[in-house]
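Examining the three-dimensional arrangement
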Amino acid sequence: MSYQIHIGPNIRQSAFFEATVADGVRSFSVYNHMYIPGNFGDPDGEYDRLLHGVAMWDVAAQRQVELRGPDAERLAQYLTPRNLAGTKVGQGRYVPICDHDGWLINDPVLLKLAEDRFWLSIADSDLTLWASAIAHEKGWQVQVFEPDVSPLAIQGPKAEAVAVALLGEWVRGLNYFWFRETKLGEIPLLVARSGWSKQGGFELYLQDSRYGGELWQAVKQAGQAFGIGPGAPNDIERLESGLISYGADMRRQSLPATPFEMGFAGLMDLDGPQEFVGKAALRALRQQGSNRERVGFFIEGDAVAGNAAPLPVWQGDQQRGWLSEMAFSRRLGRNIGVGLLAIEGSDEALRLELPDGPRRLTRAALPFC
Ligand code: THG
């Protein structure tokens, strides 16, 4: 049987959609109600460029939630258990977001643009609805909306050389997660040292989608001398690097997890005076202790294909956890995966049931690389 997901009007096209089609995109996924490229037909080449060269990714589906107004900072702090005191204008922070029961509902990058202006660069859940409902219910003076902002990522060891060629020497001075607003000719940008890989790089936040095609061409041209090519957030590299994928590794509706289980305990401040959604629930969860934790797995046997849904991890006839995603790592020469595993009991004889039969699993330390 074969089927397609069609391109239709209820899923949004990114500012770089036409450019990625022209450059040979072969698959899309959907993220924040927007098409996001999956691959360009050369998985080995795309992985190699990320590890040894430079790749350009349409990540416009990493939508921004803007908080603007006198109570913007108050709302930002109320949305996350991370303590935002000391965050400077021009700085980004990774901020887990929980619901009132302490379940993770997103894990964005927060950007502080001004004392009264923030962006949450969100993972795949409807945080604009969430944040604007909270702001209105509180009666706070803050606008919450999705601005016309479309990130384009440049990732890989040669990404800095491309960013310098495109924007100038000053980009070398950006520290990790810090950013600066600038213009490339007429094109309004915010440039950050960030991106969903551990190979280094930048994200160019395009602030006017009409320039999507022009920015794509400009990056491509600046990158030509460095062998740049189109790609997409890479599931193999992200598993090797231990990066978390909200929606795959946990999701409120299908694989709920707490920040303790996901390893975010060190990012939270549950004892300070600041109020935030889920504070009481998270303090109770801390008291109880978790019975699961985020782990890495090695999967024995032939190279696996990626998986589309969380798979149960078995020990005999008992389910001990979930494997959320797996891939064959060429760098390691073996199959790797991540998931959630029960803390109590032994890790012996763990097993996955694949369509071609059972596979032995062993626990591995994260990150793999
Ligand atoms: N960049 C931007 N927006 C994003 C992502 C991004 N929105 C969606 C998604 N990715 C949000 N989730 C993450 C998950 C991990 C990281 C960033 C965003 C990340 N983690 C590093 C790590 O875990 O090693 C660093 C964390 C830290 O230093 O605090 O980078 O990629 N714009």
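Residues numbered from 1 in each chain as written. Predicted model: local features only at pLDDT ≥ 70, side-chain atom pairs only at ≥ 80, totals over all residues. Heavy atoms only, no water.

**Digging into the pattern of salt bridges**
Inspection of every chain in the model, using the stated rule, returns 28 salt bridges. One salt bridge connects R283 with D271, and the closest N-O pair in it is separated by 3.5 Å. Remark: D271 occurs in the loop between α7 (235-241) and α8 (279-288) and R283 occurs in helix α8; sequence separation between them is 12 residues. Classification of R283 as partly exposed rests on a relative accessible area of 38%. The exposed category is assigned to D271, whose relative accessible area is 54%. (Salt bridge = Lys/Arg side-chain N within 4 Å of Asp/Glu carboxyl O. Helix = DSSP H or I, 4+ residues; strand = E, 2+ residues; numbered from the N terminus. Buried < 20%, exposed > 50% of the residue type's maximum accessible area, 1.4 Å probe, protein only.)

**Description of the sheet that holds strand β21 (residues 357-364)**
One closed barrel accounts for six strands, arranged β16-β19-β18-β17-β20-β21; its pairing is antiparallel. Across the sheet, the mean angle from the axis of one strand to that of its neighbour is 40°, orientation sign disregarded. Pairing of strand β16 (residues 292-299) with strand β19 (residues 334-342) involves eight bridges; the strand directions are antiparallel. Directly across from R294, in β19, lies its bridge partner L340. (Pairing = 2+ DSSP bridges. Axes fitted to C-alpha atoms, helices over the stretch in contact; angles between N-to-C directions.)

**Remarks on the sheet that holds strand β8 (residues 109-114)**
The five strands are arranged β5-β8-β9-β4-β10 in an open sheet whose pairing can be described as antiparallel. Either end of the sheet is taken by a strand with one partner, and the two such strands are β5 (92-94) and β10 (143-145). Averaged over all pairs of adjacent strands, the angle between strand axes in this sheet comes to 20°, irrespective of strand direction. By the bridge criterion, three bridges tie strand β4 (residues 64-68) to β10 in an arrangement that is antiparallel.

**Structural notes on the layout of surface pockets**
Over the atoms rolls a probe the size of a water molecule, and in doing so it shows where empty space is left. By volume, the second largest pocket is sized at about 190 Å³. Looking at the second largest pocket, the residues that line it are I5, I7, V25, R26, S27, F28, S29, V30 and Y35. Top element by residues in the lining of the second largest pocket is strand β1 (residues 27-31). It accounts for four residues. Of the residues in the lining of the second largest pocket, the class split is six nonpolar, two polar and one charged. (1 Å grid on protein atoms, 1.4 Å probe; cavity = no way out; pocket = protein on both sides within 12 Å on 5 of 7 lines; lining within 4 Å. Points joined across faces, edges and corners; volume = space filled by probe spheres on them. Nonpolar A, V, L, I, M, F, W, Y, C, P; charged D, E, K, R; others polar.)

**A word on the site of the ligand**
In the vicinity of the ligand lie 17 residues, with Q62, S121, K198, E203 and Y205 positioned nearest. In this structure, a nitrogen atom belonging to the ligand sits 2.6 Å away from a side-chain N or O atom of S121. Y205 places a polar side-chain atom, nitrogen or oxygen, 2.7 Å from a nitrogen atom of the ligand. Considered on its own, the ligand offers 640 Å² of accessible surface; in the complex 84% of this is hidden by protein. Residue composition of the shell around the ligand, grouped by class: 11 nonpolar, three polar and three charged. (Near = heavy atom within 4 Å. Polar contact = N/O pair within 3.5 Å; in protein donor to acceptor, adjacent residues only side chain to side chain. Areas by Shrake-Rupley, 256 points an atom, 1.4 Å probe, with all protein chains shown as cover.)

**A short note on the environment of L255**
Tracing the backbone through its elements, the reader meets L255 in the loop between α7 and α8. Assessed through its relative accessible area of 4%, L255 is described here as buried. It is 7.9 Å that separates the C-alpha atoms of L255 and P310, two residues lying 55 residues apart in sequence. Leave out the neighbours within four places in its chain, and L255 touches A248, D249, M250, P310, W322 and S324. (Contact = heavy atoms within 4.5 Å.)

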